[in-house]
Amino acid sequence: MGVVYLSRRAHGTMLSMRDQRAGYFARCAVVLAAALSETEHDGTEATDRDERPDPFTVPAPTADDPFAPSMAGREGIFDQALSNGLAAIVASEWPGEELDRSGRVLAASALLKVIEEHLGATDGVVLLPDEGSALHIPQGDTASLFQTPHLSSHTRIDVRTLQNGIDATQKARHGRGAGALQRRHVEALLALDGHRSLGTMGEEQQDRIQQIAQREDVASQKRAVEYLERIGEEEAARRAETVANPNAYHPKHNPDGHDLDTCPVCGHETFCVEGLDPVFGQVGYGQCLVCTYTRTPDAAEDEAFTEHLRSIMDDE
């Protein structure tokens, strides 16, 4: 019997409560952030760790390097993230000014102008202060210039770079040639997530990790079931009786070992636990020594989270 998952979104995550634009921004921005971390100096996709050249002999990526040239649709993803992110920021700071006279949301370039008109830019950059976080020096009988002030918090909006990024995507988006998106454009976009109307990339990334873990776990279960069908129940039972635990606990020689656990696929007590989920420490990850089902650390964490939610609901 396979594992039944409960979605984080189905249980009232903060993302579902926020502006829809923040959700669109996060989904696109996380994709761009992942590609950014996997792009080499020359814009090519990063190779496997073991095959990478000496990092001391290869230039590190710079802001002007091309961004993921082999990534299909990168210009459209950038544009969608930027348009939704800027609309969310303007709607939060100056409600209604994100719309034109017809009630349609302004284009990204126009939204940048709204921001710049309100706050002005220094060297093309606007520092948008977070509400209630202006510079404050504590006052009192002992107040002095030597007291440490509470530093203000800002969202950095690089208007010049973002506008340049819009211009760089137009050729590809409208069939007039190749795009020219650079790392600096994506980095300026990701900085918008610091605004209080957004701040959703972390949650979106966690959802993506959960979804990937679930897909991989379902595929692993399917492969294990197919393997069991090939060897038959009798052979599986025979192997289960003779299996030896390669990671058995020993106070001296293997203090981090674990007892065999019951496999959720074949039902035999033959699941070799390599470790426990990193958050709750309740669900083991490893591989079954009979049906070969493999549970990754991410899948173990996801199952532990599901069990945690079940326990909360049972208590209620």
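That block above? That's the structure.
Just so it is clear, the structure is predicted and the values come from calculations on it, not from any experiment.

J.: An account of the pattern of salt bridges is requested, with residue identities and associated values reported.
T.: Under the counting rule described, the total for this entry stands at 7 salt bridges. Salt-bridge contacts for Glu 235 lead to Arg 239; the nearest nitrogen and oxygen are separated by 2.8 Å. A residue pair is termed a helical-turn pair when its members lie 3 or 4 positions apart in one helix, as Glu 235 and Arg 239 do in helix 6 (residues 201–242) at 4 residues. Judged by relative accessible area, which is 22%, Glu 235 ranks as partly exposed. Residue Glu 303 is joined to Arg 295 by a salt bridge in which the shortest nitrogen-to-oxygen separation is 3.4 Å. When its relative accessible area of 12% is taken as the criterion, Glu 303 is described as buried. Members of the salt-bridge network, linked through shared partners, are Glu 235, Arg 238 and Arg 239.

J.: For the environment of Glu 216, give the residues involved together with the corresponding values.
T.: Looking at the element boundaries, Glu 216 is found in helix 6. Each C-alpha atom of the pair Glu 216 and Ala 299 lies 8.1 Å from the other, and the pair is 83 residues apart in sequence.

J.: Would you mind going over the state of the cysteines in detail, with residue names and values included?
T.: The tally for this structure, following the rule as stated, stands at 0 disulfides. A disulfide-free cysteine, Cys 266 has its sulfur positioned 3.7 Å from the sulfur of Cys 288, the nearest such atom. On the accessibility criterion, Cys 266 (16% relative accessible area) is buried. Take Cys 272: it sits in no disulfide, and the sulfur closest to it among the cysteines is that of Cys 288, at 9.7 Å. A residue is classified by how much of its surface remains accessible, and Cys 272, at 8% relative accessible area, is buried.

J.: Which residues make up the packing of helix 1 (residues 20–37) against helix 5 (residues 183–190), and what values do they have?
T.: Between helix 1 and helix 5, the least distance of the axes is 10 Å, while the angle of their chain directions is 140 degrees. One element, helix 1, and the other, helix 5, form an angle in the oblique class. In this structure, helix 1 crosses over helix 5, and the sense of that crossing is left-handed. Residue-level inspection shows Phe 25, Ala 29, Leu 32, Ala 33 and Leu 36 of helix 1 in contact with helix 5, the latter providing Arg 183, Val 186, Glu 187, Leu 189 and Leu 190. Its residues assigned to classes, the contact of helix 1 with helix 5 comprises 8 nonpolar, no polar and 2 charged.

J.: Can you break down the pairing of strand 4 (residues 284–288) residue by residue, with the values?
T.: Taken together, the 5 bridges between strand 3 (residues 271–276) and strand 4 define a ladder with antiparallel strand orientation. Residue pairing in the sheet places Val 273 in a bridge with Gly 286 of strand 4. Relative to strand 5 (residues 294–295), strand 4 runs antiparallel, the two being bridged by 2 bridges. Within the sheet, the bridge partner assigned to Gly 286 lies in strand 5 and is Arg 295. The turn linking strand 4 back onto strand 5 is made up of 5 residues, and Thr 292 within it adopts a positive phi angle of 75 degrees.

J.: Give me unusual backbone geometry: which residues, what numbers.
T.: Of note in the backbone geometry, Asp 123 takes a positive phi value of approximately 55 degrees without being a glycine. As for its position among the elements, Asp 123 is in the loop between helix 3 (108–119) and strand 1 (125–129).

J.: Which residues make up the sheet that holds strand 4, and what are the values?
T.: Overall, antiparallel pairing links the 3 strands, which are arranged 3-4-5 in an open sheet. Both outer strands of the open sheet, strand 3 and strand 5, are each paired with one neighbouring strand and no more.

J.: Lay out the environment of Ala 219 with the relevant residues and their values.
T.: Tracing the chain through its elements places Ala 219 in helix 6. What makes Ala 219 partly exposed here is its relative accessible area of 30%. Sequence separation between Ala 219 and Tyr 293 is 74 residues, and the spatial gap between their C-alpha atoms is 9.4 Å.

J.: I'd like to hear about the nonpolar core, residue by residue, with values.
T.: The nonpolar side chains of a soluble globular protein tend to be buried with one another. Within the largest apolar cluster, 38 residues are counted, with the highest numbers of intra-cluster contacts made by Phe 25, Leu 82, Leu 86, Ile 157, Leu 162, Leu 189 and Leu 192. Of all the secondary structure elements, the ones that give two or more residues to this core are helix 1, helix 2 (74–93), helix 3, strand 1, helix 4 (159–173) and helix 5. Among residues more than four places away in sequence, those in contact with Leu 82 are Ala 108, Leu 162, Ile 166, Leu 189 and Leu 192. One finds Leu 228, Cys 266, Phe 271 and Val 290 within the second-largest nonpolar core, a separate group that totals 14 residues.

J.: Outline the side chain of Asn 84, listing residues and values.
T.: Residue position: Asn 84 is located in helix 2. What makes Asn 84 buried here is its relative accessible area of 15%. Beyond its immediate stretch of four places on either side in the chain, Asn 84 contacts Arg 21, Tyr 24 and Phe 25.

Rules used throughout
- Residues numbered from 1 in each chain as written.
- Predicted model: local features only at pLDDT ≥ 70, side-chain atom pairs only at ≥ 80, totals over all residues.
- Heavy atoms only, no water.
- Salt bridge = Lys/Arg side-chain N within 4 Å of Asp/Glu carboxyl O.
- Helix = DSSP H or I, 4+ residues; strand = E, 2+ residues; numbered from the N terminus.
- Buried < 20%, exposed > 50% of the residue type's maximum accessible area, 1.4 Å probe, protein only.
- Disulfide = S-S within 2.5 Å.
- Axes fitted to C-alpha atoms, helices over the stretch in contact; angles between N-to-C directions.
- Parallel < 35°, antiparallel > 145°, perpendicular 65-115°, else oblique.
- Left-handed = near helix turned anticlockwise from the far one by under 90°.
- Contact = heavy atoms within 4.5 Å.
- Nonpolar A, V, L, I, M, F, W, Y, C, P; charged D, E, K, R; others polar.
- Pairing = 2+ DSSP bridges.
- Core = buried A, V, L, I, M, F, W, Y, C linked by side-chain atoms within 4.5 Å.

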